[in-house]
Every structure is written in C-alpha cells, then in structure tokens.
Amino acid sequence: MKEKLINLKEQYKKNPAWCWLLATVFFFPLLPEYVSPFLLFIGFIVFKVQWSKVGTLGKLMMAFMGFALISTLWSDTKFSTLSTAALWWGMFLIEIMIHNIVRTRKKIDRLLAAMSLSGAINGFVAILQICSYTLFKYKYITKSQVFVTPFYKPLDKAVYNWLPFDIDTTLWWDSRASGFFSNPNLLATYLMIVYPISIYLFLNTKGKKHKLMYFMINVLISGGISATLTRGGCVIAIIGWLFMFIVLFKQHKKPLLEIFVPTVLVIVPSLLTRYGIIFKVRGAGSEAAKSSAAHLKIWGSLLDYIFHHALPFIIGTGFGIEQTGQILLYQLDKPHGHNFVLETWVELGIVGLVLLFTVLICGFGKLLEINANNGKKFTLVFCVFTSMMMYLLFGLTDYIFNSPKQIINLFILLGLTQALSHCYDKTIIHDADSLRKAAQKELKNTINQKPIKHKRGKKKTY
C-alpha cells in the first residue's frame, strides 16, 4: 500500500494535470451537483499552463455558447440565462483539458476505464437502492433499512434549504433508483454513455481477470439502467447493443452475445415492471401511458408556441429552461421540453439549433475521418460513436442538458472525439467528395473486419 501511494505521488509530480483530469472524470458523476464543478475548476487551474489550443470542435462550441450568453440581452429570465450560459462555459473546460492532455492511445483507454468504473459504482448503488426499496414495498424490511434514494438526499435537503433561492426537491423518486445523481433520468443519461464504452473495454482487454472485471462492470451498468426504471433508457440500451452486434458481428460475435445475456436479464424486467406486466404496482401501466401522453402534449405546446412567435422562432426566448417552464406552466406545469432539440429551439431559436447541430455533425465527421483499419481501433471509434448516438437518442425523450453532471457528458464526448482524431490517422473531410470517400472507407472497414482468433499461449493481436 505504501509503495502504491509513493508511486501515485510520483505520477502526480510528473503530470499533475493528467491526474486531475482522471480524478475529475471519475469523481464528477459520484459527487453532488454543487460539489462536482469545483473539482473541475481546481483541475483546470492546475492544467492551465498546458493549454495551447481548443481545436475546431472547441471553436464551434464557443460560437454556440457565445450566442447563448448574448441571449441574456433579450431574455425575460436574465439571471437564469446568464447563470446557465456560465455553467456551460465552466463545463467546457473539460473538453479543453482532454483535447490538450489526452494525446496518446494509452491515455484514451485509461480515461475510458475511469468513466466505466464510475458508471459501475453508480450502477451498484442504484441496484442496492431499487432492491432495498422492493424489499420494503413487499414488507420484508423496514423503511429505515432502505438504501436512500438519491444517495445524497439528506445532504441535498440541507444545502437546498440553506441557499437564498428555491430549488424544487419534489422530483425525488423513492421507487426509482438515482445512484449518486439527483433523479433517475440524470443517472440514466450517464449510463447511456458508459454502456458502449464498457463493452469496448470488455472486447479488447487482455487476460481473464481484466475480462471478468469489465464483464462485471458492464453488468453493474446494465443493472443501473434497469434500476432507474427509465423506459427510454432501457429501450435505447437494447437498441445500442443490437447496433453494436450488427456492426461488430464478424469480429466479436461471441463476447457480444455474452454481454447480451446480463443486459436482457436485468433490463427487460425493468421495462415489464414499468408497464405493470410483472411486479405489478397499482397504476404502473397507466402511469407509463400518462407519461407518454404528457410528452406529446409538451412537444405540441412548444411547437405551437414557436410557430406563433416570430422572434422566439428565430433567436429563442433566452438560454436556460426557466422560460420554457413558464411557457408550460399554465397548461402542463412541466419544467422543460423533455426533448433537447425542441428545448434548444425554444431557448435559442433556429439560430442556436443550427449552431448546436453544426457542433454535433462536425463531431460525428471527425469520427468518420479516422482510418479505423484494424480491430481495436475500429471498435474504439465505433463505441464512442455509439455512446454519442445513445446520448442524443435519449435526449429525444428527456432533456439531457439539465444539470452540470449531464452537461459535462457532452463535453467529455467531444473531447474524446478530438483526442481520437489526434491519435489516429485520418482522411480530412473538407467537401462533399471527401465526405463520400471517408464514408466509403469506413463502410469498407466495417465489411472487411476479420474475426479475432484466440490461440492458446499467445496474446491477441489487432
């Protein structure tokens, strides 16, 4: 133990910024919302001497966030708009850190491992929360023995009551696990991202011990998704696995089937419970139906508002969800649009929506540029692509930029995209013809994947 501490101290002296980055990525999802950002800010102060560039994605994101900041001028909720824009600028620091520090393939893998481990810990706590609540519901244990949901609930109450402004704490659900996050949907957002990453690590790790470890990490992440009882998250996790299985079938058929077993065993029962088919709870099925109907009403109301107000249609009502909540207050009493596309449109208009989609399309384009011409590289690029897709798909049924622990996910994924683009050979996309060639190249890489042969006494090669 003493030797490990000495070794850790030496590593910190050698590269303190890298250590802070790893700590931030690992601890950010585990700490309360009002603590995590300060960890990032301290890490950035340590790192700032190494800041040399922000990259193309960073510049595009700065344009989007700059417009968000300017929207304070016409916002009716100026404090909310200004503070939300400032929060995005703060979370943007993680993208800069990753882009400047993560310059080797080994560091990429270590960063992904830190994310997966943090996701597994969240999943483990979520499983304890849902299992203990179920035991209490069927009167096997007392209420005092239930694992508190969310984890920081007593501390959150104390902090929120101390603050000089009101924060709504009524969205805590005892019957749905939240892990270290403040509600189930926030936890599901993070687990959507780390689920494909844990599969990449499982597929490409060496040695039985590490293989078993990453298998268990994936099981815990799957269990965490199930424990949230989030219908969209459960469905998207299964779709994500199916997408990866189709694309990686030739190379990783057997291990992907091994992963699918726990995924199905823990996620499908969650869906069946949510719809009141098994573990029947009074009103479970009708609650799910009402939730779906409410989503449709929210989207219809916001579209109606956008198309009947010219200025919000073009430049929005101002960044932040407070104004959206006021729009929905009288008819539906909902805090946001439950869809990141509609929510961004209401907040920043068609201008902001175009800026955001420019960032996202450029991010996907950078992944497409990479010449993923061997097994491990292809799996890595594809799993990061899948993480981004699952994150955005989940955002079509819930707002994925609702808190620091959600917003930072976008910047971590964009930072990883920039790191991959730096570490691997690529074909630069600069026009329609180069885009076509890059797409053809990736399609060829997909078709030409070769199964990995396992030989006794020899290590895998890629």
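Draft legend 1. Quick look at the overall build of the protein. Each helix and strand counted, the protein has 17 helices and zero strands in total. Counting every position in the protein, which comprises 462 residues, the buried fraction comes to 54%. Of the contacts made within the protein by residues no fewer than 6 positions apart, 76% connect residues no fewer than 24 positions apart. Total accessible area on the protein stands at roughly 22,000 Å², and carbon and sulfur atoms take up 67% of it.

Draft legend 2. The arrangement of the pattern of salt bridges in detail. With the rule as written, the count across this model stands at two salt bridges. Residue K153 pairs with D174 through a salt bridge whose shortest N-O separation is 3.0 Å. With K153 in helix α7 (residues 153–162) and D174 in the loop between α7 and α8 (184–204), this residue pair connects regions lying 21 residues apart in the sequence.

Draft legend 3. Structural view of the nonpolar core. Formed by 113 residues in total, the largest nonpolar core has its most connected members in L21, M61, W88, M115 and F401. A per-element tally of this core places α8 first, with 15 residues. Apart from the residues within four sequence positions on either side, M115 is in contact with V25, Y190, I193, V194, I197, I412 and L416. Residues I298, Y305, I327 and L328 belong to the second largest nonpolar core, which totals 11 residues.

Draft legend 4. Expanded view of unusual backbone geometry. Cis geometry marks the peptide bond from T149 to P150, where omega comes out at -10 degrees. Relative to the elements of secondary structure, P150 occurs in the loop between α6 (105–137) and α7. Phi is positive for L229, close to 55 degrees, though the residue is something other than glycine. Note on placement: L229 falls in the loop between α9 (208–227) and α10 (231–274). When its relative accessible area of 14% is taken as the criterion, L229 is described as buried.

Draft legend 5. Spotlight on the environment of F313. Mapped onto the elements, F313 comes out in helix α12 (residues 310–315). For F313, a relative accessible area of 27% translates into the label partly exposed. A sequence separation of 34 residues divides F313 from E347, and the C-alpha atoms of the two residues are 9.3 Å apart.

Draft legend 6. How the structure looks around the packing of aromatic side chains. In total, this model carries 33 aromatic pairs according to the counting rule given. With centroids separated by 6.1 Å and ring planes inclined at 85 degrees, the aromatic side chains of F38 and F41 adopt a geometry described as edge-to-face. Of this pair, F38 and F41 both sit in helix α3 (residues 36–47), three residues apart, which is roughly one turn of that helix. Look at F38 and you get exposed, because its relative accessible area is 53%. With centroids separated by 6.2 Å and ring planes inclined at 85 degrees, the aromatic side chains of W89 and F92 adopt a geometry described as edge-to-face. Here the residue W89 and the residue F92 both occupy positions in helix α5 (residues 78–101), the gap between them amounting to three residues, near one helical turn.

Draft legend 7. Fine view of the confidence of the model for the protein. Chain-level statistics for the protein give a pLDDT mean of 85 and a share of 85% at 70 or above. Overall, residues 454–462 carries pLDDT values under 50, and its contacts beyond four positions in sequence, including any with other chains, amount to 13 contacts.

Draft legend 8. Structural detail: the packing of α6 against α9. Across the interface, α6 lies against α9 with an axial gap of 7 Å and an inter-helix angle of 50 degrees. Compared by their axis directions, α6 and α9 come out oblique. In this structure, α6 crosses over α9, and the sense of that crossing is left-handed. The residues of α9 that touch α6, namely those facing A113, S116, L117, G119, A120, G123, F124, A126, I127 and I130, are Y214, I217, L220, I221, G223, G224 and A227. The residue makeup of the contact of α6 with α9, split by class, is 12 nonpolar, five polar and no charged.

Draft legend 9. Fine view of the environment of K107. Topologically, K107 is positioned in helix α6. Taking C-alpha positions, K107 is 9.4 Å from A419, a pair spaced 312 residues apart along the chain.

Draft legend 10. Broad picture of empty space enclosed by the protein. Applying the stated criterion across every chain yields a total of three cavities of 30 Å³ or more. The calculated volume of the largest cavity comes to roughly 50 Å³. Residue lining of the largest cavity: P32, E33, Y34, P150, Y152, D156, Y160, F180, F181, S182 and K405, and that is the complete set. Here the lining of the largest cavity is composed, by residue class, of seven nonpolar, one polar and three charged.

Draft legend 11. Geometry of the environment of S144. Its location among the elements puts S144 in the loop between α6 and α7. A polar side-chain atom of S144 sits 3.0 Å from a polar atom in the side chain of T142.

The rules behind these values
- Residues numbered from 1 in each chain as written.
- Predicted model: local features only at pLDDT ≥ 70, side-chain atom pairs only at ≥ 80, totals over all residues.
- Heavy atoms only, no water.
- Helix = DSSP H or I, 4+ residues; strand = E, 2+ residues; numbered from the N terminus.
- Buried < 20%, exposed > 50% of the residue type's maximum accessible area, 1.4 Å probe, protein only.
- Contact = heavy atoms within 4.5 Å.
- Areas by Shrake-Rupley, 256 points an atom, 1.4 Å probe, with all protein chains shown as cover.
- Salt bridge = Lys/Arg side-chain N within 4 Å of Asp/Glu carboxyl O.
- Core = buried A, V, L, I, M, F, W, Y, C linked by side-chain atoms within 4.5 Å.
- Phe/Tyr/Trp six-rings, centres within 6.5 Å; stacked < 30°, edge-to-face > 60°.
- pLDDT = per-residue confidence, 0-100.
- Axes fitted to C-alpha atoms, helices over the stretch in contact; angles between N-to-C directions.
- Parallel < 35°, antiparallel > 145°, perpendicular 65-115°, else oblique.
- Left-handed = near helix turned anticlockwise from the far one by under 90°.
- Nonpolar A, V, L, I, M, F, W, Y, C, P; charged D, E, K, R; others polar.
- 1 Å grid on protein atoms, 1.4 Å probe; cavity = no way out; pocket = protein on both sides within 12 Å on 5 of 7 lines; lining within 4 Å.
- Points joined across faces, edges and corners; volume = space filled by probe spheres on them.
- Polar contact = N/O pair within 3.5 Å; in protein donor to acceptor, adjacent residues only side chain to side chain.

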